[in-house]
Amino acid sequence: SPPLFDWKSWKSRDSVVNGDDQPQPLPPLNEEDLSEQERLWITGFSLTKNRGELHTLDVETGAMSYVNERTARAIKWPNEVASIPRQQYVMNHHPTNSSSTFASSNGEQLEDALLVTDGFLVPGKDKGGLYVVQNPTNSATERRVCLTGVTNLQGDIINGESDWFYHRAVWMDMTGDGRQSILAARAKLPLLQGNSQDDNGTLGKGQLVWLERPMPHTFDVGTGTPLDVDGTVFDPFRPSNTPWKLRILDEGPDVMFSVADLDPQDDTIEVIASQFFSKKLSLHSIKLGLEPKVTFRRVIDDRCGAAFSSVLADLDGLTTMQQADAAHYPMVVDSGSTVVSLNSNDAFSHLLVTSHECSYADSSGETDEHHASTTDTEDFKSEVTASSDSSTSVSSTAQSKIDGGSLFAYRVPIGKDAWKTKPWTRSVIATGFKVQGQLSNMINPGAPGFVYSFFPTREGGIGSDKKWHRPLIGLSGDCAESAYILRPIEEDTIEVGEDRSTKYALMCEIKCSSTVGSLAVGYDDFYATVAEQQSGYAKIYVPCYEQDKVLVFALGSGEDEVDDGW
């Protein structure tokens, strides 16, 4: 069948020109659209092209557009794309004078802008950074700025800390005064530049860093408007206010992370990082203030393999509790996922982590019957402990064999300071993910990739039976060349020590015959004229890298013999 859209493959064009075949830019978004309208952002990159790709799709109309050539050539390997919250200010009135201060953002008001993490481990793409793209795809007003360095006319960073690449960055009030600064993990792989491993045998290096949002020069005494030194309205992204000041919080975190408040009664937040290069899962407690610092750290697991994706999930239904009860449980600050099923201040029970292993399928291209198994392989349990003095040494109980890449679930210990001293019990949800060897995935291949929790409908965890149900789990297979959807199952009997909440079965496997990148999940009807859909049910977007396609699947109520509550 013919493609739905008149879409010219970015792999077949060397540059974008202002010709008749250029897609029309999407219209500017108003305040309501910025908060409510779903727009799909698609990133692309290539080892042979000196440019990245940032495309957007209006899921309602099917209109597609992309950023301009200057932005594409500056951001050569775009990774995660995030919205930018609008900085809020509060006017403080006083009988003799008035002042303005920062207000904590509730995340509901957004700028027409993107925060883009950039870079990869291969030479030529490893000089990454953090970029803000304002008014993206608007041919008249689009502007990009690098927050981690100054760029030349070609978009290359010329004075920042070089050779670092970034996968994830989140907006965070790090200073306690309401300013929305940035918390990020970054990595480098010096081995490809002829250097050797470090003393621990680790190939790469990671750092947890934060970038401080600059302060306005002053505020207008009458209106409270923040002003720059020249008297104009303050813009933290204008060239005179960039790059932002970067500080190192800790060593180790390199790729993905989530942020929690494991003790809502103290003044810290906790970063839980999946350290890919050093093959461990770590926790870093940060005391917030004008000079944020790490005050406690521990290794949760050093036998998890190459930890990649790590997201917070509620598999116990804690979000349905009264607020007073939920305050005694770990709280979400940032779930670590681009698919939002938990919001800030929601309670959570588990941490989902993928072990991104390079275990190849057999030469025939077919794996054995236990490929990506959730129920047929031997269950796996582990308790990982750290000593009470916060050292990074850990010990594990005997482990059943794990077959290739895996998806783990860690239960957060409950009780005063239990997350500091008690074991984080690990369960295997799925294992047996194997790499499908290709020339296109020879660099650092592994499987599975990102993990997500999401609900079948927009209503969240409450099903048609008015009861709470555990979320579905989505997995991008990466070099396994499939996407997977797992559904919760209820078992009448479980073995002693098993975690009932982590029991899942394979609902479907989407075989893509290409590397599967980051999935997206939305709930708006997708281009409603092309297929019949049940409104309010999830739409799953599956990117197929080598095929230059994004597949879309819509969930519905179905006609299952077993009533699952949806």
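Given the structure is predicted, the values throughout are model-derived calculations rather than measurements.

Quick notes on the rules
Residues numbered from 1 in each chain as written. Predicted model: local features only at pLDDT ≥ 70, side-chain atom pairs only at ≥ 80, totals over all residues. Heavy atoms only, no water. Helix = DSSP H or I, 4+ residues; strand = E, 2+ residues; numbered from the N terminus. Buried < 20%, exposed > 50% of the residue type's maximum accessible area, 1.4 Å probe, protein only. Contact = heavy atoms within 4.5 Å. Areas by Shrake-Rupley, 256 points an atom, 1.4 Å probe, with all protein chains shown as cover. Salt bridge = Lys/Arg side-chain N within 4 Å of Asp/Glu carboxyl O. Core = buried A, V, L, I, M, F, W, Y, C linked by side-chain atoms within 4.5 Å. Pairing = 2+ DSSP bridges. Axes fitted to C-alpha atoms, helices over the stretch in contact; angles between N-to-C directions. Phe/Tyr/Trp six-rings, centres within 6.5 Å; stacked < 30°, edge-to-face > 60°. Polar contact = N/O pair within 3.5 Å; in protein donor to acceptor, adjacent residues only side chain to side chain. pLDDT = per-residue confidence, 0-100.

The helix and strand tally for the protein chain stands at four helices and 33 strands. Across the 566 residues in the protein chain, those meeting the buried criterion constitute 52%. Partitioning the intrachain contacts of the protein chain with sequence separation of at least 6 by distance along the chain shows that 64% fall at a separation of at least 24. Of the roughly 25,900 Å² of accessible surface on the protein chain, 48% is carried by carbon and sulfur atoms.

Our focus in this paragraph is unusual backbone geometry. With an omega of -5 degrees, the peptide bond running from threonine 242 to proline 243 counts as cis. Looking at where proline 243 falls in the secondary structure, it is placed in the loop between β14 (226-227) and β15 (245-251). Following alanine 447, the chain continues into proline 448 via a peptide bond in cis, with omega recorded as -5 degrees. Considering the arrangement of structural elements, one finds proline 448 in the loop between β26 (424-433) and β27 (451-454). Phi is positive for asparagine 135, close to 50 degrees, though the residue is something other than glycine. Here asparagine 135 lies in the loop between β8 (129-134) and β9 (143-146).

The next thing to look at is the pattern of salt bridges. Side chains bearing opposite charge may pair, as long as their charged atoms lie close to each other. Throughout the structure, instances matching the rule amount to 22 salt bridges. The partner of glutamate 53 in a salt bridge is arginine 51, with the nearest N and O atoms 2.7 Å apart. For glutamate 53, a relative accessible area of 2% translates into the label buried. The buried category is assigned to arginine 51, whose relative accessible area is 3%.

What follows is about the nonpolar core. In this structure, Leu121, Phe277, Phe454, Val542 and Leu555 are the most contacted members of the largest nonpolar core, which totals 32 residues. Secondary structure elements with two or more residues in this core: β27, β29 (482-488) and β32 (539-544).

Moving on, we come to the sheet that holds β32. Taking strand neighbours across the sheet as the criterion, the three strands line up as β31-β32-β33 in an open arrangement whose pairing is antiparallel. Two strands lie at the open edges of the sheet, namely β31 (520-522) and β33 (549-554), each paired on one side alone. Recorded for the sheet is a direction-independent mean angle of 25 degrees between the axes of neighbouring strands. Sheet analysis places β32 next to β33, joined by six bridges and oriented antiparallel. Considered in β33, the bridge of proline 543 is made with valine 550.

Now for the packing of aromatic side chains. For any pair of aromatic rings, the description rests on two quantities: the centre-to-centre distance and the angle between the ring planes. With the rule as written, the count across this model stands at twelve aromatic pairs. Ring geometry for tryptophan 77 versus phenylalanine 120: centroids 4.7 Å apart, planes at 5 degrees, classification stacked. Linking tryptophan 77 in the loop between α2 (69-74) and β4 (78-85) with phenylalanine 120 in the loop between β7 (110-118) and β8, this pair joins segments that are 43 residues apart in sequence. Each member of the pair, tryptophan 77 together with phenylalanine 120, is buried.

For lysine 49, the location among the structural elements is in the loop between β1 (39-44) and β2 (53-58). Taking the C-alpha atoms as reference points, lysine 49 and arginine 73, separated by 24 residues in sequence, lie 9.4 Å from one another.

Another point: the sheet that holds β29. Taken together, four strands build an open sheet; the order of strands is β27-β28-β29-β30 and the sheet is antiparallel. Of all strands in the sheet, those with a lone pairing partner are β27 and β30 (504-511), marking the two edges. Mean inter-strand twist for the sheet, computed between neighbouring axes without regard to direction, equals 20 degrees. Both β29 and β30 contribute to a ladder of seven bridges, which runs antiparallel. When the bridges of β30 are listed, proline 488 appears paired with tyrosine 504.

Moving on: the environment of glutamate 498. Structurally, glutamate 498 can be placed in the loop between β29 and β30. In the structure, glutamate 498 is positioned 73 residues away from threonine 425 in sequence and 9.5 Å away in space, judged by C-alpha atoms. A distance of 3.0 Å separates polar atoms of two side chains, one belonging to glutamate 498 and the other to lysine 503.

As a further point, take the confidence of the model for the protein chain. Across the protein chain, pLDDT averages 80, with 74% of residues at or above 70. Across residues 191-196, confidence stays below pLDDT 50; counting only partners more than four residues off in sequence or on other chains, it has eight contacts. Residue range residues 362-400 is modelled with pLDDT below 50. Its contacts to residues more than four positions away, or to other chains, number 93 contacts.

Of all six residues making up β32, six are buried, and the element is well covered by its neighbours. Between β32 and the antiparallel strand that follows it, β33, lie four residues; aspartate 548 among them carries a positive phi value of about 55 degrees.

Bringing the environment of aspartate 334 into the picture now. Here aspartate 334 shows up in strand β21 (residues 331-334). For the pair aspartate 334 and serine 344, spaced ten residues apart in sequence, the C-alpha to C-alpha distance is 6.2 Å. Excluding its chain neighbours within four sequence positions, the residues that come into contact with aspartate 334 are Arg168, Val170, Ser258, Val259 and Leu312.

Quick look at the side chain of serine 274 now. Structurally, serine 274 can be placed in strand β17 (residues 268-275). In this structure the side chain of serine 274 is engaged in a polar contact, spanning 2.4 Å, whose partner is the backbone oxygen of phenylalanine 308. Excluding residues that lie within four positions of it along the chain, serine 274 makes contacts with Asp254, Val255, Met256, Lys280, Leu281, Ala307, Phe308, Ser309 and Ser310.

Once that is clear, we can look at the side chain of histidine 284. Examined against the element boundaries, histidine 284 turns out to sit in strand β18 (residues 280-287). Here aspartate 250 takes part through its side chain, which lies 2.8 Å from a polar atom of the side chain of histidine 284. At 2.8 Å, the side chain of histidine 284 forms a polar contact with the side chain of serine 282.

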